[in-house]
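Reading the structure
Spelled out from the first residue to the last, the chains are:
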Amino acid sequence: MARQGELEESQDQHSREHEGEEDTQVQLVQRRLPKAGRRPPRLRSKMDKLQILQLELSFVNARASRACARLKRKVEMRCKSHLDRRRAIIQRIPGFWAKVMMYHPQVSVILSWADKDLLSYLRNLEAWQVEELRYPKSLYRIKFSFQENPYFQNEVVMKEYQLNITGYEASCSSVLQWLVDGEALVHSPLQDSSRLTFFSWLSGHKCADSNRIAEVIIEDLWVNPLDYYQEEDSTRAEDAGLARNLGLLHDQTQSPCLGTCQQGP
(Lines give C-alpha, C1' and ligand atoms only; values in the text may rest on other atoms or scores of the structure.)
Protein backbone atom coordinates (compact mmCIF):
# COMPACT_ATOMS: atom_id res chain seq x y z
CA MET A 1 0.00 0.00 0.00
CA ALA A 2 2.86 2.38 0.77
CA ARG A 3 4.38 1.69 -2.63
CA GLN A 4 1.06 2.35 -4.33
CA GLY A 5 0.69 5.63 -2.41
CA GLU A 6 4.15 6.75 -3.51
CA LEU A 7 3.30 5.88 -7.14
CA GLU A 8 0.02 7.81 -7.03
CA GLU A 9 1.76 10.81 -5.39
CA SER A 10 4.44 10.76 -8.10
CA GLN A 11 1.83 10.60 -10.84
CA ASP A 12 -0.14 13.45 -9.23
CA GLN A 13 3.01 15.56 -9.14
CA HIS A 14 3.68 14.79 -12.83
CA SER A 15 0.08 15.74 -13.64
CA ARG A 16 0.40 19.05 -11.78
CA GLU A 17 3.63 19.88 -13.60
CA HIS A 18 2.07 18.97 -16.96
CA GLU A 19 -1.02 21.08 -16.22
CA GLY A 20 1.22 23.97 -15.18
CA GLU A 21 2.91 23.91 -18.59
CA GLU A 22 -0.47 23.84 -20.31
CA ASP A 23 -1.75 26.74 -18.17
CA THR A 24 1.30 28.75 -19.22
CA GLN A 25 0.54 28.00 -22.86
CA VAL A 26 -3.08 29.12 -22.42
CA GLN A 27 -2.00 32.32 -20.63
CA LEU A 28 0.41 33.18 -23.46
CA VAL A 29 -2.37 32.84 -26.00
CA GLN A 30 -4.79 34.85 -23.82
CA ARG A 31 -2.35 37.76 -23.52
CA ARG A 32 -2.12 37.97 -27.31
CA LEU A 33 -5.92 38.16 -27.71
CA PRO A 34 -7.87 41.48 -27.46
CA LYS A 35 -8.95 42.19 -23.86
CA ALA A 36 -12.54 41.28 -22.98
CA GLY A 37 -14.95 44.21 -22.96
CA ARG A 38 -12.62 46.34 -25.11
CA ARG A 39 -13.16 46.95 -28.81
CA PRO A 40 -10.27 45.65 -30.95
CA PRO A 41 -8.19 48.25 -32.81
CA ARG A 42 -9.24 49.26 -36.29
CA LEU A 43 -8.35 46.40 -38.62
CA ARG A 44 -6.03 47.56 -41.34
CA SER A 45 -6.39 44.53 -43.62
CA LYS A 46 -7.81 41.07 -44.00
CA MET A 47 -4.51 39.72 -42.67
CA ASP A 48 -5.22 41.39 -39.32
CA LYS A 49 -8.57 39.62 -39.12
CA LEU A 50 -6.92 36.35 -40.04
CA GLN A 51 -4.25 36.77 -37.37
CA ILE A 52 -6.82 37.37 -34.62
CA LEU A 53 -8.88 34.41 -35.77
CA GLN A 54 -5.78 32.20 -35.71
CA LEU A 55 -4.98 33.31 -32.15
CA GLU A 56 -8.51 32.44 -31.09
CA LEU A 57 -8.13 28.98 -32.63
CA SER A 58 -4.84 28.51 -30.75
CA PHE A 59 -6.61 29.34 -27.50
CA VAL A 60 -9.36 26.77 -28.19
CA ASN A 61 -6.79 24.11 -29.12
CA ALA A 62 -4.77 24.76 -25.96
CA ARG A 63 -7.88 24.33 -23.81
CA ALA A 64 -8.85 21.14 -25.64
CA SER A 65 -5.34 19.68 -25.30
CA ARG A 66 -5.41 20.22 -21.54
CA ALA A 67 -8.82 18.56 -21.16
CA CYS A 68 -7.74 15.64 -23.36
CA ALA A 69 -4.52 15.13 -21.38
CA ARG A 70 -6.43 15.02 -18.09
CA LEU A 71 -8.89 12.46 -19.45
CA LYS A 72 -6.08 10.36 -20.89
CA ARG A 73 -4.31 10.17 -17.51
CA LYS A 74 -7.53 9.03 -15.82
CA VAL A 75 -8.02 6.26 -18.37
CA GLU A 76 -4.40 5.12 -17.99
CA MET A 77 -4.88 4.78 -14.23
CA ARG A 78 -8.01 2.68 -14.77
CA CYS A 79 -6.25 0.51 -17.35
CA LYS A 80 -3.27 -0.21 -15.11
CA SER A 81 -5.04 -2.77 -12.89
CA HIS A 82 -6.38 -4.61 -15.93
CA LEU A 83 -2.94 -4.70 -17.57
CA ASP A 84 -1.38 -6.01 -14.35
CA ARG A 85 -3.92 -8.84 -14.24
CA ARG A 86 -3.40 -9.56 -17.94
CA ARG A 87 0.37 -9.72 -17.41
CA ALA A 88 -0.03 -12.20 -14.54
CA ILE A 89 -2.26 -14.50 -16.62
CA ILE A 90 -0.03 -14.36 -19.71
CA GLN A 91 3.06 -15.30 -17.70
CA ARG A 92 1.32 -18.57 -16.82
CA ILE A 93 0.76 -19.42 -20.52
CA PRO A 94 3.99 -20.93 -21.94
CA GLY A 95 5.11 -19.38 -25.22
CA PHE A 96 2.25 -16.89 -25.38
CA TRP A 97 4.12 -13.91 -26.86
CA ALA A 98 6.17 -16.13 -29.17
CA LYS A 99 2.99 -17.56 -30.66
CA VAL A 100 1.43 -14.10 -30.97
CA MET A 101 4.45 -12.81 -32.89
CA MET A 102 4.65 -15.87 -35.13
CA TYR A 103 1.03 -15.44 -36.21
CA HIS A 104 1.05 -11.67 -36.61
CA PRO A 105 0.94 -11.02 -40.39
CA GLN A 106 3.46 -8.17 -40.35
CA VAL A 107 5.87 -9.64 -37.80
CA SER A 108 5.82 -13.25 -39.02
CA VAL A 109 7.15 -12.29 -42.48
CA ILE A 110 10.48 -11.12 -41.01
CA LEU A 111 11.06 -14.17 -38.79
CA SER A 112 13.95 -16.45 -39.75
CA TRP A 113 14.54 -19.93 -38.31
CA ALA A 114 16.91 -18.38 -35.74
CA ASP A 115 14.30 -15.75 -34.84
CA LYS A 116 11.69 -18.43 -34.15
CA ASP A 117 14.13 -20.35 -31.98
CA LEU A 118 14.99 -17.19 -30.03
CA LEU A 119 11.30 -16.46 -29.47
CA SER A 120 10.96 -19.82 -27.74
CA TYR A 121 13.04 -18.23 -24.92
CA LEU A 122 10.86 -15.08 -24.72
CA ARG A 123 9.19 -14.88 -21.28
CA ASN A 124 7.43 -11.54 -21.46
CA LEU A 125 6.79 -8.53 -23.68
CA GLU A 126 5.67 -5.07 -22.59
CA ALA A 127 5.21 -1.75 -24.39
CA TRP A 128 4.19 1.58 -22.92
CA GLN A 129 4.46 5.34 -23.22
CA VAL A 130 7.23 6.56 -20.95
CA GLU A 131 6.49 10.27 -21.14
CA GLU A 132 5.18 13.03 -23.32
CA LEU A 133 8.02 15.18 -24.63
CA ARG A 134 7.63 18.66 -26.03
CA TYR A 135 4.68 18.61 -28.44
CA PRO A 136 4.32 16.76 -30.74
CA LYS A 137 6.80 14.14 -29.47
CA SER A 138 6.22 11.20 -27.12
CA LEU A 139 8.67 8.58 -25.87
CA TYR A 140 7.74 4.88 -25.97
CA ARG A 141 9.57 1.85 -24.62
CA ILE A 142 9.43 -1.84 -25.58
CA LYS A 143 10.74 -4.39 -23.07
CA PHE A 144 11.60 -8.02 -23.88
CA SER A 145 12.35 -10.49 -21.07
CA PHE A 146 14.23 -13.65 -22.03
CA GLN A 147 15.09 -16.92 -20.37
CA GLU A 148 18.67 -18.12 -20.50
CA ASN A 149 19.40 -18.77 -24.18
CA PRO A 150 22.35 -19.67 -26.44
CA TYR A 151 22.30 -16.35 -28.34
CA PHE A 152 23.03 -13.56 -25.82
CA GLN A 153 23.48 -12.99 -22.10
CA ASN A 154 20.86 -10.26 -21.69
CA GLU A 155 17.86 -11.20 -19.61
CA VAL A 156 16.13 -7.93 -20.54
CA VAL A 157 16.33 -6.05 -23.84
CA MET A 158 14.89 -2.53 -24.04
CA LYS A 159 14.20 -0.43 -27.13
CA GLU A 160 13.02 3.19 -27.04
CA TYR A 161 11.30 5.13 -29.80
CA GLN A 162 10.16 8.71 -30.19
CA LEU A 163 6.80 9.26 -31.84
CA ASN A 164 6.33 12.51 -33.76
CA ILE A 165 4.24 13.71 -36.69
CA THR A 166 6.35 11.68 -39.14
CA GLY A 167 6.03 8.39 -37.20
CA TYR A 168 8.29 6.36 -34.93
CA GLU A 169 12.03 7.06 -34.76
CA ALA A 170 14.54 4.89 -32.89
CA SER A 171 15.98 6.59 -29.81
CA CYS A 172 18.15 3.95 -28.11
CA SER A 173 18.28 0.23 -27.36
CA SER A 174 20.11 -2.26 -25.17
CA VAL A 175 23.49 -3.50 -26.37
CA LEU A 176 23.26 -7.27 -26.85
CA GLN A 177 25.97 -9.35 -25.18
CA TRP A 178 26.31 -12.06 -27.80
CA LEU A 179 27.16 -15.70 -27.16
CA VAL A 180 28.44 -18.26 -29.64
CA ASP A 181 29.13 -21.78 -28.36
CA GLY A 182 28.98 -20.38 -24.84
CA GLU A 183 31.63 -17.73 -25.47
CA ALA A 184 30.97 -13.99 -25.32
CA LEU A 185 31.41 -12.05 -28.59
CA VAL A 186 31.14 -8.41 -29.57
CA HIS A 187 29.37 -9.29 -32.83
CA SER A 188 27.31 -12.25 -33.97
CA PRO A 189 26.85 -13.88 -37.39
CA LEU A 190 23.13 -13.30 -36.82
CA GLN A 191 23.64 -9.50 -36.98
CA ASP A 192 22.75 -9.04 -40.64
CA SER A 193 21.84 -5.41 -41.37
CA SER A 194 21.30 -6.14 -45.07
CA ARG A 195 17.80 -7.49 -44.44
CA LEU A 196 15.18 -7.01 -41.78
CA THR A 197 14.83 -9.90 -39.34
CA PHE A 198 13.82 -9.96 -35.69
CA PHE A 199 17.49 -10.38 -34.73
CA SER A 200 18.61 -7.40 -36.83
CA TRP A 201 15.73 -5.27 -35.49
CA LEU A 202 16.44 -6.27 -31.88
CA SER A 203 20.15 -5.46 -32.16
CA GLY A 204 19.96 -2.18 -34.11
CA HIS A 205 17.98 0.30 -36.18
CA LYS A 206 19.81 0.31 -39.52
CA CYS A 207 17.47 -1.94 -41.49
CA ALA A 208 14.76 -0.45 -43.65
CA ASP A 209 11.26 -0.56 -42.11
CA SER A 210 12.66 -1.23 -38.61
CA ASN A 211 10.59 1.70 -37.26
CA ARG A 212 7.51 0.09 -38.77
CA ILE A 213 8.06 -3.03 -36.63
CA ALA A 214 8.11 -0.86 -33.51
CA GLU A 215 4.84 0.76 -34.58
CA VAL A 216 3.20 -2.65 -35.12
CA ILE A 217 4.33 -3.94 -31.71
CA ILE A 218 3.34 -0.81 -29.76
CA GLU A 219 0.02 -0.01 -31.43
CA ASP A 220 -1.31 -3.43 -32.42
CA LEU A 221 0.43 -6.55 -31.15
CA TRP A 222 0.76 -5.33 -27.54
CA VAL A 223 -2.73 -3.83 -27.45
CA ASN A 224 -4.62 -6.75 -29.02
CA PRO A 225 -2.53 -9.94 -28.57
CA LEU A 226 -5.54 -12.28 -28.57
CA ASP A 227 -6.28 -11.29 -32.17
CA TYR A 228 -3.12 -13.19 -33.16
CA TYR A 229 -2.92 -15.97 -30.60
CA GLN A 230 -3.73 -19.23 -32.38
CA GLU A 231 -4.83 -22.27 -30.40
CA GLU A 232 -6.67 -25.48 -31.12
CA ASP A 233 -9.84 -24.08 -29.60
CA SER A 234 -10.11 -20.65 -31.24
CA THR A 235 -13.33 -19.73 -29.47
CA ARG A 236 -11.67 -16.94 -27.48
CA ALA A 237 -10.11 -15.40 -30.57
CA GLU A 238 -13.44 -15.59 -32.40
CA ASP A 239 -15.19 -13.92 -29.46
CA ALA A 240 -12.63 -11.13 -29.47
CA GLY A 241 -13.10 -10.65 -33.22
CA LEU A 242 -16.88 -10.60 -32.85
CA ALA A 243 -16.69 -8.01 -30.08
CA ARG A 244 -14.45 -5.82 -32.23
CA ASN A 245 -16.88 -6.07 -35.16
CA LEU A 246 -19.73 -4.99 -32.89
CA GLY A 247 -17.69 -2.00 -31.77
CA LEU A 248 -17.49 -3.08 -28.12
CA LEU A 249 -13.72 -2.86 -28.02
CA HIS A 250 -13.30 -0.06 -30.50
CA ASP A 251 -14.56 2.71 -28.22
CA GLN A 252 -12.31 1.54 -25.37
CA THR A 253 -9.03 1.18 -27.23
CA GLN A 254 -9.10 3.38 -30.33
CA SER A 255 -10.43 6.76 -29.18
CA PRO A 256 -8.34 9.48 -30.88
CA CYS A 257 -8.25 11.42 -27.62
CA LEU A 258 -7.70 8.65 -25.10
CA GLY A 259 -5.31 6.49 -27.12
CA THR A 260 -4.87 2.94 -25.84
CA CYS A 261 -4.05 1.28 -22.55
CA GLN A 262 -0.25 1.31 -22.60
CA GLN A 263 0.60 1.96 -18.98
CA GLY A 264 4.12 0.82 -18.15
CA PRO A 265 5.23 -1.32 -15.21
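Residues numbered from 1 in each chain as written. Predicted model: local features only at pLDDT ≥ 70, side-chain atom pairs only at ≥ 80, totals over all residues. Heavy atoms only, no water.

With respect to the overall build of the protein chain
Note the following rule: Strands are runs of DSSP state E lasting at least two residues, helices are runs of H or I lasting at least four, and both sets are numbered from the N terminus onward. Partly exposed describes any residue whose relative accessible area lies between the buried limit of under 20% and the exposed limit of over 50%, with all areas from a 1.4 Å probe on protein chains only and scaled to the type maximum. All accessible-area figures derive from a Shrake-Rupley calculation using a 1.4 Å probe, and residue coverage is judged against the displayed protein chains alone.
Per the secondary structure count, the protein chain includes nine helices and six strands. Among the 265 residues that make up the protein chain, the fraction classed as buried is 36%. For the protein chain, the exposed surface amounts to about 17000 Å²; the carbon and sulfur share of it is 51%.

Details of the packing of aromatic side chains
The test is simple: In this scheme Phe, Tyr and Trp rings, the latter by its six-membered ring, pair at centre separations within 6.5 Å, and the angle between planes marks the pair as stacked below 30 degrees, edge-to-face above 60, and tilted otherwise. Placement of a charge over a ring requires the Lys NZ or Arg CZ to be within 6 Å of the ring centre, with the centre-to-atom vector within 35 degrees of the ring normal.
All told, the structure shown has 12 aromatic pairs when counted by the stated rule. When the centroid spacing of 5.2 Å and the interplanar angle of 85 degrees are considered together, the rings of Phe146 and Phe152 count as edge-to-face. Taking 6.1 Å as the distance between ring centres and 80 degrees as the angle between the ring planes, the aromatic pair formed by Phe152 and Trp178 counts as edge-to-face. With Phe152 in the loop between β2 (138-146) and β3 (156-164) and Trp178 in strand β5 (residues 178-180), this residue pair connects regions lying 26 residues apart in the sequence. Judged on exposure class, the residue Phe152 and its partner Trp178 are both buried. Each member of the aromatic cluster is reached from another via a ring pair, and the members are Phe144, Phe146, Tyr151, Phe152, Trp178, Phe198, Phe199 and Trp201. Between Arg86 and the ring centre of Trp222, over which it is positioned, the NZ or CZ distance is 4.4 Å. Taking NZ or CZ as reference, Lys159 lies 4.9 Å from the ring centre of Trp201, over its face.

Some words on empty space enclosed by the protein
Empty pockets left among the atoms are what a rolling probe the size of a water molecule brings to light. Here is the rule we go by: Space inside and on the surface of the protein is sampled on a 1 Å grid over the protein atoms alone, with a cavity defined as a set of points where a 1.4 Å probe fits but cannot get out and a pocket as an open set with protein on both sides within 12 Å along at least 5 of 7 lines; lining residues have an atom within 4 Å of a point. Grid points are joined across faces, edges and corners, and a volume is the space filled by probe spheres set on the points.
Applying the stated criterion across every chain yields a total of one cavity of 30 Å³ or more. Taken as a whole, the largest cavity encloses approximately 40 Å³ of empty space. In this structure, the largest cavity is lined by Leu83, Arg86, Arg87, Ile90, Trp97, Asn124, Leu125, Glu126 and Trp222. Taken together, the elements giving at least two residues each to the lining of the largest cavity come down to α2 (46-90) and β1 (122-132). The element that contributes the greatest number of residues to the lining of the largest cavity is α2, accounting for four residues.

A look at the nonpolar core
Here is the rule: Residues grouped as a nonpolar core are buried Ala, Val, Leu, Ile, Met, Phe, Trp, Tyr and Cys residues, joined through side-chain atoms within 4.5 Å.
Among the nonpolar cores identified, the biggest contains 43 residues, and Trp97, Ile142, Phe144, Phe152, Phe198, Trp201 and Leu202 are the most heavily contacted of them. Those elements that provide at least two residues to this core are α2, α3 (96-103), α5 (113-119), β1, β2, β3, α6 (198-203) and α7 (210-221).

Re the environment of Trp178
Taking the relative accessible area as the measure of exposure, Trp178 reaches 1% and is therefore buried. Between the C-alpha atom of Trp178 and that of Gln153, which follows or precedes it by 25 residues, the distance is 6.4 Å.

Describing a nonpolar patch on the surface
What counts is decided by this rule: Like charges within 9 Å and nonpolar side chains (Val, Leu, Ile, Met, Phe, Trp, Tyr) within 5 Å are joined into patches, using only residues over 30% in relative accessible area that form no salt bridge. Salt bridge, as used here: a side-chain nitrogen of Lys or Arg that lies within 4 Å of a carboxyl oxygen of Asp or Glu.
On the surface, Met47, Leu50, Leu53 and Leu57 cluster together into a nonpolar patch covering about 400 Å² of accessible area. Assignment of secondary structure puts Met47 in helix α2.

Brief notes about the pattern of salt bridges
In total, this model carries five salt bridges according to the counting rule given. Between Asp84 and Arg87 there is a salt bridge; the shortest N-O distance is 2.8 Å. Linking Asp84 with Arg87, this pair stays in helix α2, spanning three residues, or about one helical turn. For Asp84, a relative accessible area of 28% translates into the label partly exposed. Given a relative accessible area of 16%, Arg87 falls into the buried group. Among the ionic pairs, Arg212 bridges to Glu215, the shortest N-O distance being 3.1 Å. In this pair, Arg212 and Glu215 both sit in helix α7, three residues apart, roughly one turn of the helix.

A closer look at the confidence of the model for the protein chain
Heads up, the rule is: By definition, pLDDT measures how confident the predictor is in each residue, and it falls between 0 and 100.
Averaged over all residues, the pLDDT of the protein chain equals 76, while 64% of them reach at least 70. Predicted confidence in the protein chain is weakest over helix α9 (residues 250-253), with a mean pLDDT of 43, and strongest over α3, with 96.

Considering the pairing of β3
Test applied: One requirement defines pairing of two strands: DSSP has to find at least two bridges between them.
Bridge count for β2 against β3 is eight bridges, and the pairing is antiparallel. Bridged to Ile142 within β3 is Lys159. As judged from the six bridges shared by β3 and strand β4 (residues 167-173), these two strands associate in the antiparallel manner. Looking across to β4, one finds that Glu160 is bridged to Cys172. The antiparallel pairing of β3 with β4 creates a hairpin that spans two residues between the two strands.

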